[in-house]
Every structure is written in structure tokens, then in C-alpha cells.
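The chain contents come next:
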Amino acid sequence: MTVTYTAEVATCRGLGCFLKLLGRWKGSIYKLVWLDLLMFLFVYYSLNMTYRYLLDEAGKALFEMIVKYCYDYGSLIPLSFVLGFYVSVVMTRWWNQYTAIPFPDPLAVFVSATVHGQDERGRVMRRTIMRYVCLCVTMTFTMISPRVKKRFPTLEHLVEAGLLHESEKEIMVNLNKKFPKYSKHWLPIVWASSIITRARKEGRIRDDFAVKTLIDELNKFRGQCGLLLSFDTISVPLVYTQVVTLAVYSYFLTTLMGHQWVDNSTYRFDLYFPVFTTLQFFFYVGWLKVAESLINPFGDDDDDFEVNWMVDRNLQISYLIVDEMHHDHPELVRDQYWDEVFPPELPYTAAAAAAESMRNTHPLPSTANIAVKPEEQELMNPLSAKVDPMQTYIDNMQTGPITFSANKAAGFKSRKNSSNSLAIGSSVPDAMSMPRVASVTSLLKRFFSRDDTRNDSRNENNVEANEMNALITNEEKLKKLGNSSKRITADVIEEVDEQTTITSQRSQHDCRPNVMHVFGPPPPSRPIDMPQSSSFSNNHPNHHVYDPFPPLANSAPGDGADFTDRVSIGSATDDEDDFDSLKKKRDEERLSRGELSVWLIECSRANSVAKQQAPLQMRVKAVIRLGF
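Report follows, based on the coordinates.

Calculation notes
- Residues take numbers from 1 onward in each chain, read along the sequence in its written order.
- Local features in a predicted model are, by the rule used here, given only for residues with pLDDT of at least 70; side-chain atom pairs are given and counted only at 80 or more, and totals for whole chains, interfaces and linings are based on all residues.
- Hydrogens and waters are ignored; side-chain quantities use all the structure's heavy atoms.
- For the purposes of this entry, the term helix denotes a DSSP run of H or I that reaches at least four residues, the term strand denotes a run of E that reaches at least two, and both are numbered from the N terminus.
- Only protein chains enter the accessibility calculation, which uses a 1.4 Å probe; a residue is then buried when its area is under 20% of its type maximum, exposed when over 50%, and partly exposed in between.
- The contact rule is simple, with two residues in contact once any of their heavy atoms fall within 4.5 Å.
- For accessible areas, the Shrake-Rupley method is used with a probe of radius 1.4 Å. Any residue's cover is judged against the shown protein chains and nothing else.
- Whenever a nitrogen or oxygen atom comes within 3.5 Å of another N or O atom, the pair is scored as a polar contact, on the condition that within protein one atom can donate a hydrogen and the other can accept it, and that pairs from neighbouring residues in sequence are kept only if both atoms are in side chains.
- Buried Ala, Val, Leu, Ile, Met, Phe, Trp, Tyr and Cys residues form a nonpolar core when they are joined through side-chain atoms within 4.5 Å.
- Expected helix span is taken as 1.5 Å per residue step, with the number of steps being one fewer than the number of residues.
- Every angle, taken between N-to-C directions, lies between 0 and 180 degrees, and every axis is a line fitted to C-alpha atoms, over only the stretch in contact when it is a helix.
- Roughly parallel covers angles under 35 degrees, roughly antiparallel covers those over 145, roughly perpendicular covers 65 to 115, and oblique covers all other angles.
- Crossing handedness is read from the near helix: turned anticlockwise from the far helix by less than a right angle, it gives a left-handed crossing, and turned clockwise, a right-handed one.
- Aromatic rings from Phe, Tyr and Trp, with only the six-membered ring used for Trp, were paired whenever their centres fell within 6.5 Å, and each pair was classed as stacked if the ring planes differed by under 30 degrees, edge-to-face if by over 60, and tilted otherwise.
- For salt bridges, the criterion is a side-chain nitrogen of Lys or Arg within 4 Å of an Asp or Glu carboxyl oxygen.

Let us look at the overall build of the chain. If you tally the helices and strands in the chain, you get 22 helices and two strands. Taken across its 628 residues, the chain has 29% of its residues classed as buried. Here the analysis covers contacts within the chain between residues at least 6 apart in sequence; of these, 73% occur between residues at least 24 apart. Of the accessible surface of the chain, which amounts to about 44,300 Å², a share of 60% is contributed by carbon and sulfur atoms.

Below you can see the structure in the form of C-alpha cells.
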């Protein structure tokens with residue numbers, strides 16, 4: 001089980017709370033590295049004794065050269081970076097595996113709240129659903145945890161434990177024979193969903209939303225079990241684990257020689273014991289051992305998850321929620337603060353009051369102590385805001401109409417050469433162009449132009465230029481705005497402006513001429529005689545009166561005299577329903593046509609086999625029945 005020390009580090013005082021944890025043995029670093037450290041020191045002292053007592057002068061010289069070589073190049077191994085990043089990945093994976101472990105508590109609450117019935121069948125349904133859920137997670141644990149696998153090695157052990165029945169075991173065995181490649185941990189979830197569907201049909205689950213909630217929770221539970229299997233199947237890449245292991249052990253193999261004490265060493269402390277070399281081995285190898293113990297937290301290490309406890313806990317809590325506590329709650333009573341609405345402060349014990357005596361106020365926000373001077377608290381009127389020149393020009397344009405001058409523009413471009421021009425025909429009295437003062441054209445051309453100082457190609461009046469200079473005072477701002485805006489074609493702006501101006505000056509009563517004004521309404525057409533039939537007869541002859549809206553005809557065959565259809569929405573007469581009678585006649589017509597088609601098929605078959613013809617009277621009778 002995971003070694004916990006949370007209670008001992010709840011409050012940090014004095015020299016710190018971690019110093020109290022250094023004397024622990026279970027789950028400690030000493031328990032992980034003591035054997036590796038003994039082997040390292042044994043090899044270290046063996047080489048040291050060989051150098052001091054067994055080698056001659058030539059051997060000692062060679063030994064010293066090897067020591068210097070290992071000491072100079074041993075630091076090139078990037079051990080801290082490789083090992084630190086690897087342990088970070090393993091720690092993240094370790095916590096993600098714990099959060100992926102599914103617990104049946106939420107599903108048990110949903111089952112207890114939605115599957116109703118105090119009888120034996122309702123109780124069996126609720127308990128069976130939760131037993132299947134606990135069976136699913138237990139089967140998952142047997143595939144990823146050696147502890148649970150040793151506890152439930154076969155399906156017979158699950159039967160003996162009460163998680164599986166004999167008939168259910170036979171179903172699993174048959175499926176394993178047919179499909180041996182895949183695990184069957186999801187099969188109990190399928191059984192549980194079938195029970196939920198049956199409970200809905202029997203009325204024990206009262207709405208479909210509750211069924212959807214239960215099915216979604218079952219799928220979520222199954223997905224978490226599948227995620228645990230994915231963690232077990234897909235581990236940290238093996239090459240990364242090999243790189244880290246080789247980096248650690250190769251580093252300390254070089255350290256065995258590189259940190260040896262020789263005659264020309266600067267310090268004599270390592271002659272008796274390699275202090276810092278031992279600490280370095282302790283830290284780096286301890287770091288590697290942490291990654292080794294946490295990479296699979298479902299084993300037998302001290303810090304691995306207690307999955308056997310989870311198996312027992314899941315089944316007990318599930319049965320407790322759906323059976324013992326099903327639709328059971330304490331008596332509804334008024335709380336202690338019913339008349340006060342809410343308490344001013346909950347009481348303290350003597351021990352708690354002593355601890356809380358240092359806290360006189362409630363927690364304050366970070367800006368609680370920031371004070372603003374009284375002279376800086378006055379609100380300022382936003383008069384210094386910059387005025388938008390376009391909005392100013394629009395306001396000025398709304399004060400008066402656009403004025404025109406009668407001067408002829410010599411440089412006016414022909415509209416025939418522009419594909420974007422708008423032909424206005426004879427709507428303009430004069431064929432010549434009319435320059436306008438303070439027009440939308442000049443405004444937009446100056447607004448979107450890159451050079452504000454460029455003169456207009458049409459020699460517009462100086463009044464217009466003065467107005468534009470008065471509106472837009474900041475030339476740099478105008479240039480930036482012109483560079484960031486799209487340049488619109490001058491011809492399009494000019495034509496749209498002219499057409500809009502002419503349309504606005506036209507009188508509201510002056511309508512445009514159309515085809516009806518020029519040619520007049522079309523003459524009425526001559527009446528056309530229509531053939532009469534028994535199913536469609538018009539009481540108004542066509543050669544006397546031209547009626548564009550004749551009376552409506554019945555869809556079903558009548559007696560020869562047609563009448564106006566009285567079927568309408570909201571009819572005031574309720575004694576007879578014309579819609580039902582019309583529907584009845586149409587059904588009879590459809591039935592008659594069906595009988596005729598069947599008869600024709602039989603006749604065709606009879607003709608093809610016996611070369612016989614149907615009696616003429618039967619065909620005449622069928623035709624008369626259809627109303628032909």
C-alpha cells in the first residue's frame with residue numbers, strides 16, 4: 001500500500017517537517033539503493049586496494065592515467081538532464097494511472113435513484129447491475145496487477161468469491177473458445193445494460209433520460225477500464241528506459257575509476273572514504289530507483305496502489321448504496337438555524353479556538369490595502385478624446401443637401417469605356433457631367449488616397465479642398481489609415497454616388513416608367529370552350545361570361561352536377577364533415593383502382609397461360625366503377 005505521511009507534514013515548524021521523515025525505512029530511498037550502494041563501494045575499495053598494495057610503479061602510472069582520463073571525460077554524460085526528464089514523465093504517468101481507476105460509487109447512486117421497486121425483483125436488478133460492474137473492474141485488475149492475479153487466477157475463483165455465477169462462467173468460457181484473442185472484461189457491462197433496458201420495459205425506470213444516464217455511466221466505467229489496459233499495454237518507450245539506465249550505470253562505472261584516490265591527488269579525504277562520490281551515487285541511483293518503482297504502480301512495491309483493498313471496497317460500497325440505503329433517508333426536520341436563516345459563526349472547541357486566536361480577520365483580497373488619494377478619485381470628462389473625422393463629416397453632411405455647379409468638366413472619363421459603370425440612360429437631362437461640391441465622391445477619393453496633397457483630376461473647387469483640410473487635421477493619421485484600407489475604384493464610387501444623388505432628388509410621386517405605362521394592360525383573351533364531363537361541369541357557360549375563377553370541382557366522381565367545395569378551416573357548420581366524406585370517396589376510388597389493377601394482372605397471366613380473354617362485361621363493370 002502507498003506509504004502516506006500527510007499527517008506529519010500538515011504543519012511545518014522549526015527546522016522543517018521533512019527531517020522527521022528521514023528515519024523511516026518502509027518506502028524510503030535507503031530501502032531502494034542500499035544493495036546497489038554496497039556493490040558500488042565494494043568495487044570501489046577493491047580497485048583502491050589493488051592500486052595501493054598490488055601494483056608496481058608502472059602499473060600505478062597506468063592506473064593514474066586511467067583515473068585522469070575517466071575524470072576528464074566522465075562529466076560529458078548528460079545524466080542530470082536525461083534522468084530528470086525521464087522521472088518527470090514517469091511521475092505524470094503514475095498519477096494518470098491512479099486517476100484512471102474507476103470507482104462504482106457514482107453509478108451506484110444513479111441505480112439507487114432511478115431503478116425503483118422495493119420488491120425482490122427490483123432488489124435483484126439493482127444488486128446484479130452493481131455486481132456486474134464490480135466484476136468488470138476486478139477482471140481488469142487481474143490482467144494488470146500481479147496481486148489480484150494471485151488472488152483470482154481463474155474464473156472458478158471469481159465464482160467462489162461470489163462475483164460470478166456458474167451460468168455466467170459458462171458463457172465466458174464459450175466466448176473465450178470462439179474468440180480467444182480478446183479479453184472479455186467488457187462482457188459484464190453488456191449484461192448490466194441489458195438489465196437496465198429490461199427495467200425500463202417493466203416500468204421500474206420511469207423515463208428515458210434516466211436510462212441514458214445509466215448507459216452513459218456504464219460506458220464511462222468501461223472506458224476507464226479500457227484505459228487501464230492501455231496503460232498496461234503501452235508503456236514508456238523501451239529505448240528511453242534503456243538510454244536512462246545506460247546513462248546512469250555508465251556514469252558510475254567511469255566514476256569508479258575517475259574518483260579513485262591516487263598519489264598525486266590534491267585531497268587526501270578520499271583515501272579512507274569517498275564522501276561526495278557516495279552522495280552522488282545515492283542521489284542519481286535513487287532517482288532511477290524511483291522511476292523503476294513508479295513506472296508500474298500495480299505491483300508489489302511499497303508505493304504501489306492497494307488494488308486488493310479496492311476490490312473489496314467496491315463490492316461492499318455498491319451493495320450498501322443500492323440495497324441497504326435504497327430510497328432511505330433520515331426524517332426531514334428543521335435545522336438548528338431555522339429562525340436565524342444562517343449562523344453568524346459556528347462554535348469552536350478549546351483546542352481549535354487556541355489555534356484560531358491568531359487569525360482576527362477573514363482573508364482579504366490582494367488589492368484590499370491599495371488606497372487611492374482623494375484628489376485622484378475624481379472622474380474626468382472625456383473631452384480629450386480624438387474626434388473621428390469621418391463621423392464629423394457625416395454630421396456636417398446631415399445639416400444640408402449636396403450642392404451642384406453647372407461647370408462642364410473637361411476631363412470627365414467616358415462611361416462607355418468602364419465595365420463597372422452604371423448606365424442611367426435618359427434620366428439625366430444633359431449629357432455633360434456635373435461637378436459637385438462636398439460630394440461623397442470627393443470625400444471617399446480623398447479618404448482612401450495615399451497622398452493627401454495630390455490635386456483632384458477634375459479641378460474641383462477650392463471650397464471643397466478647404467473643407468477637407470478643416471475636417472482631417474492630422475495628416476500622418478490619414479496616411480496610415482489610407483495605407484491600411486482598401487483602395488476602391490474611382491469609377492465605381494463616382495457612378496454609385498451619381499446614381500444615388502439623382503435618385504434622392506427625384507420626387508417621391510415620380511415613378512419610373514415600366515412596361516404597363518408604355519404599352520398598357522394586355523387585352524382580355526377570348527374564352528375557350530372546355531369539354532364537359534360527368535365529373536367536371538360548370539354551371540356558367542364559357543361562351544356567355546368569362547370567369548377567371550370557376551367553381552371548384554370535386555376530386556371524387558359525382559352525380560353529374562359539380563358543387564363548390566365546402567372544406568375549409570374553421571368552418572361554422574359542424575353537423576357534417578366534408579373532409580371526411582371527401583377522404584372516404586378518395587379511399588373508395590383508390591380501392592377500386594387497386595381491384596382493377598389486380599384484375600388486369602390476373603387477366604394478363606391467364607392470357608399468357610391459357611390464351612383466354614376476359615369477359616367484356618367484367619371489364620365494362622370495372623371501368624364504370626372507376627367513373628370512366
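Having put the structure on the table, let's press on.
The next subject is the side chain of Thr255. Residue placement: Thr255 occurs in helix α11 (residues 238–258). Looking at Thr255, the relative accessible area reads 2%, which means it is buried. For Thr255, the side chain forms a polar contact with the main-chain oxygen of Tyr251, separated by 2.7 Å. Sequence-distant contacts of Thr255, defined by excluding residues within four places in its chain, comprise Phe40 and Thr277.

Okay, the nonpolar core next. Counting residues in hydrophobic clusters, the biggest one holds 75 residues, and the most contacted among them are Val111, Phe141, Leu158, Met172, Ile205, Phe252 and Phe298. Looking at this core element by element, the count peaks at twelve residues for helix α5 (residues 120–144). With six residues, the next largest nonpolar core counts Tyr51, Phe63, Val67 and Cys70 among its residues.

Owing to its 3.6 residues per turn, the α-helix brings residues three or four apart onto one side. Its 20 residues give helix α12 (residues 275–294) an end-to-end C-alpha distance of 29 Å, which sits within 8% of 28 Å, the value for a rise of 1.5 Å per residue. Every buried residue of α12 is listed here: Thr277, Thr278, Phe281, Phe282, Tyr284, Val285, Gly286, Leu288, Lys289, Ala291, Ser293 and Leu294. Buried residues belonging to α12 abut α1 (29–54), α3 (79–99) and α11.

The next subject is the packing of α5 against helix α9 (residues 187–201). It is the contact of α5 with α9, at a shortest axis distance of 8 Å, that shows an interaxial angle of 160°. Looking at the two axes, α5 sits roughly antiparallel to α9. As for the relative orientation of α5 and α9, their crossing is left-handed in sense. Facing α5, whose interface residues are Arg121, Met125, Thr128, Ile129, Tyr132, Val133, Leu135, Cys136 and Met139, α9 presents Pro188, Ile189, Trp191, Ala192, Ile195, Ile196, Arg198 and Ala199.

One pass over the full model with this rule turns up 19 aromatic pairs. Relative to Tyr240, the ring of Tyr86 lies with its centre 5.1 Å away and its plane at 75°, an arrangement referred to as edge-to-face. In this pair, Tyr86 is assigned in helix α3 and Tyr240 in helix α11, connecting sequence segments 154 residues apart. Accessibility expressed as a relative area gives 22% for Tyr240, which makes it partly exposed. Taken together, the ring pairs in this structure connect Phe40, Tyr251, Phe252, Phe281 and Tyr284 into an aromatic cluster.

What follows covers the pattern of salt bridges. Side chains that carry opposite charge are capable of pairing whenever their charged atoms lie near each other. This model, assessed by the stated rule, comprises 20 salt bridges. With a shortest N-O distance of 3.1 Å, Glu168 and Arg131 are connected by a salt bridge. With Glu168 in helix α8 (residues 166–178) and Arg131 in helix α5, this residue pair connects regions lying 37 residues apart in the sequence. Its relative accessible area of 7% is what places Glu168 among the buried residues. By relative accessible area, which is 6% here, Arg131 ends up buried. Between Arg147 and Asp300 there is a salt bridge whose closest N-O contact spans 3.1 Å. Within this pair, whereas Arg147 is found in helix α6 (residues 146–151), its partner Asp300 is found in the loop between α12 and α13 (307–324), the two being separated by 153 residues in sequence.

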